[in-house]
Amino acid sequence: MSERETAPRRAPAPQRATAVTAEPPWMRRLLIGVALLFLSVFLILPLAVVFAEAFRGGLAVYRAAFADPDARAAIALTVTVAAIAVPLNLVFGIAAAWAVAKFDFPGKSLLITLIDLPFSVSPVVAGLVFVLLFGSQGWLGPWLGGAGIEIIFALPGIVLATVFVTFPFIARELIPLMQDQGNADEEAALTLGASGLRTFLTVTLPNIKWALLYGVLLCNARAMGEFGAVAVVSGHIRGLTNTMPLHVEIMYNEYNLVGAFAMASLLASLALVTLAIKSFLEWRFAGAIASGPAH
Amino acid sequence: MDIRALGITKEFGRAAALRDVDLEVRSGELMALLGPSGSGKTTLLRVIAGLEQPDAGEIRFGDVDATPIPVRRRGVGFVFQHYALFRHLTVSDNVAFGLRARGRSRRPPPAEIARRVRDLLDLVQLAGYGHRFPSQLSGGQRQRVALARALAVEPKVLLLDEPFGALDARVRKDLRRSLREIHDATGQTTVFVTHDQDEALELADRVAILNGGRVEQVGTPDEVHDAPISAFVMGFVGESTQLPVEVRAGEVWFREARMAVPPQGCAPGPATLFLRPDDLAFCAPQDGWPGQVLMIRRAAGGRRAEVKLAGPGGHLVEIDLREGEAAMARGDIVHLRVRAGRVFPARADAAQSVESRPQSGRVPMP
Amino acid sequence: MAPAVRRLRVRAPSAIPGFGIALGYTLAYLGLVVLLPLSALVFKTAGLGWAGFAAIAGDPRILAALRTSFGVAFAAAVVASLFGLLIAWVLTRYRFPGRRLVDAAVDLPFALPTAVAGIALATLYAPNGWAGGVLAPWGIKVAFTPLGIFVALVFVALPFAVRTVQPLIGEIDRELEEAAATLGATRSRTVLRVILPPLLPGVLTGFVLAFARAVGEYGSVIFVAGNLPFVSEIAPLLIVIKLEEFDYAGATAVATLMLLISFSALLAINLLESWSRRRFGHV
């Protein structure tokens, strides 16, 4: 997923501009034009619609949309869910990357495949499995219900579904990077007498911090924006189990377009901030890699 | 502190990297582990450091069995092949890392750490570079930082894995001398791994030659060069060419010519005669074997001729040209006689490995 | 002995600490969060029995939904892969103003919540929307038709297609192109015979990833699809509908069918990757 500046930079040589490794200028312009047109229609227009619709009635109407207590409850719930799900997957991501990248053991490629598994499961199916497990007709549902513990149509179910859907994000960012970096830095720290924890904190963590932050951002964006899995387990109880994306759905279905798009614009802003930080990190990344020691 | 490896065996998968290796590194000694790729020299170094656990055998530091001691408490300084400098830390912080990693009771106060870092950077001639980051240094400078960092923890033994492998020839030469100087100044027991025989012979007090996971010979540079105990060592250390000979009745015969070389305890039967370039001499036609000069080139500061011997097989030998012989040219017919040489029983693998690169005697990289 | 080779050979009793706790935690968490819930699905399906499963799976409405889901997802993944290759090429090879911004925008569908994308696309392509209004005079209806599903799935699939091939294009050794030119090849021949073949595995991998993602997509589709049974109803929606009717058996059967197909896709990715590693040395 991560994009880096991999195109070799060459000394400017205008006299060789249309050399053998480039297309003629008209062809280049045509290709750039087609690509930009496609991206505008499929990506930029929908984004523009979100903000245009949100502000259609003016700023006052936009702000009124957030005065709704249900809207506020949805925002609070979404933040709560992300605040639980992201740290859980952060700890898992680091543990999984450490085990997979630093050691060799039988079944490693199977483990990597299993870590990726939630990527290829439909979010709706992810919600369904928790209903089957914890729902009133599920395996554990009656027993938990007897104990007064609610999972489905309550916060724990929403957290579980979110954790499932965002499960691989951080591990996915860390594993390839840590595999590339190898074990030499950690071995060096150990020969210098550092403990395992100190080695991790002072040597490994600085080496992976940008990728880690990037993974956390992606994980968070997905956690806050997850719709399908949460829709299945939440029960859509207003003011109680409605997350921001579910609130968008309800407003939209009630033809409260400003309300729907106002909340959508908030989520879209989160996405834009995430992308902006991600691009900044990749720019930093590329710099760090270019000036790093030539291994 | 003297280091001993006793019966070290280490396997990776099915392949044995080390087979029952015994080695003693004397206190204060600078020892080279020399061998071709895959000979197990780096593995042995990592076993000494505690970065690998041996499958069998024991590592002793003085009287202490170090085998169960984890790497972080073993007190070794390790210089990695690609240095493994922490690139988010400055040069000073890299050097100070080991001191700061100590428990509170053993950690020197910050001022003392700063002083030691300064001293070490002086020692490796990097005074004034403390605030830089590894990425702002040249390869040779990074190597020196890695050395200073390893020395900072006052290790019982300094271990270096291919310390000059990634550097160009000039920097290599400078660093070799400064490693020798630092060793002489600190008296640190030091072991380094190399595949470059010049580096091993020039720098080390003693050289251990490894082949196929075994130690073939341990000795001073002179001993391994002048008194090799196996065909492998003979072929790997120094330059040599070889002739297939036969040992008969206490004499060495090349075809129908008796060589002026004793069989040196070699049993009767097919054998290989190894000749250093100065083991051969030009002579009058009646005293020696005829051959044709194929090529003359510069080698080791002098001139060397490659001569193809007459007769079936067309064996190639090399001979150093002395003063007065400089007029020789390609295509000349010359006569050679053997003044000295060493005979080892013919061994298919050794003969093959040396024959494929007759000009240097080094075993080719796989 | 190359460091890479040695690293692969480092075994459990390694000098690096923390193997037991890291692997133990990984397996426990994986088991609790992913494998245990998924096994609930497997057991529920097994509980249906073969006959029961076949009876539900044979329902024409379910078959129609699966056909719609997989058919439209396939078409969307094909289009996304072709344009993804073009976009990746343009972003990697050409310098133009705003390139970095455009590059960042490619990830928008990763980051934008699907429900937001869904209502935006529905509004955009409605007959009175910006794009829908342009297309309406031509008799083209997008919103509330299978074409709407297609547009939504291209949206979610696009980043997978671009990001899979983009690094491969960056890694192309320009000497290969120069070599082709010195051998007298035209530029188009160089592109077709030298540049594209090594990219093919990457394009295929991107296609499978895009397809797998598109098949399971729910949020962005339901707003724009119209959700007419037998016409524009997708399989994930059918699962939700079955659940709302408390038809757990039906929901489970549809989910199992989808999972089986998704896992086949995952297997195909792994086979593709190992094939291309053998063939080209890297993915």
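Residues numbered from 1 in each chain as written. Chains lettered and ligands numbered in written order. Predicted model: local features only at pLDDT ≥ 70, side-chain atom pairs only at ≥ 80, totals over all residues. Heavy atoms only, no water.

Caption draft 1: Local environment of the overall build of chain C. The helix and strand tally for chain C stands at 13 helices and zero strands. Walking chain C from its N terminus toward its C terminus, one meets helices and strands in the order α-α-α-α-α-α-α-α-α-α-α-α-α. Its C-alpha atoms give chain C principal-axis dimensions of roughly 65 × 65 × 30 Å. Per-residue burial for chain C yields a buried fraction of 56% across its 283 residues. Once local pairs closer than 6 in sequence are excluded, the contacts in chain C between residues at least 24 apart make up 74%. Distance between charge centroids for chain C: 8 Å, based on 22 positive and 14 negative side chains. (Helix = DSSP H or I, 4+ residues; strand = E, 2+ residues; numbered from the N terminus. Buried < 20%, exposed > 50% of the residue type's maximum accessible area, 1.4 Å probe, protein only. Contact = heavy atoms within 4.5 Å. Lys, Arg positive; Asp, Glu negative; His and termini not counted. Charge placed at Lys NZ, Arg CZ, Asp CG, Glu CD.)

Caption draft 2: Structural detail: the interface of chain C and chain A. Every contact between the two is made by 99 residues of chain C and, on the other side, 95 residues of chain A. When the buried area of chain C at its contact with chain A is split by residue, C:I16, C:Y29 and C:Y94 rank highest and sum to 7% of it. With a shortest N-O distance of 2.4 Å, C:D107 and A:K278 are connected by a salt bridge. Taken together, the connections running from chain C to chain A amount to five residue pairs in polar contact (both at pLDDT 80 or more). At 19 residues, the largest contribution of residues to the side of chain C that touches chain A is made by helix α2 (residues 19–57) of chain C. Classifying every residue of the side of chain C that touches chain A by side-chain character gives 70 nonpolar, 14 polar and 15 charged. (Buried area = accessible area lost by both parts, 1.4 Å probe. Salt bridge = Lys/Arg side-chain N within 4 Å of Asp/Glu carboxyl O. Polar contact = N/O pair within 3.5 Å; in protein donor to acceptor, adjacent residues only side chain to side chain. Nonpolar A, V, L, I, M, F, W, Y, C, P; charged D, E, K, R; others polar.)

Caption draft 3: Spotlight on the packing of aromatic side chains. Taken as a whole and assessed by the stated rule, the structure comprises 28 aromatic pairs over all chains. Seen in terms of ring centroids, B:F86 and B:F97 are 4.8 Å apart; in terms of plane orientation they differ by 50°. Their pairing is tilted. Highlighted residues: B:F86 in the loop between β6 (76–79) and α3 (91–100) and B:F97 in helix α3, separated in sequence by 11 residues. The residues B:F86 and B:F97 share a single accessibility class, namely buried. Seen from their ring centres, C:F74 and C:F207 are 5.4 Å apart, and the 85° between their planes marks the pair as edge-to-face. With C:F74 in helix α3 (residues 60–93) and C:F207 in helix α10 (residues 187–216), this pair connects stretches of sequence that are 133 residues apart. Relative accessible area serves as the criterion here: at 45%, C:F74 is assigned to the partly exposed category. Given the relative accessible area of 15%, C:F207 is considered buried. Members of the aromatic cluster, each reached through a chain of ring pairs, are A:F92, A:F167, C:Y25 and C:Y29. (Phe/Tyr/Trp six-rings, centres within 6.5 Å; stacked < 30°, edge-to-face > 60°.)

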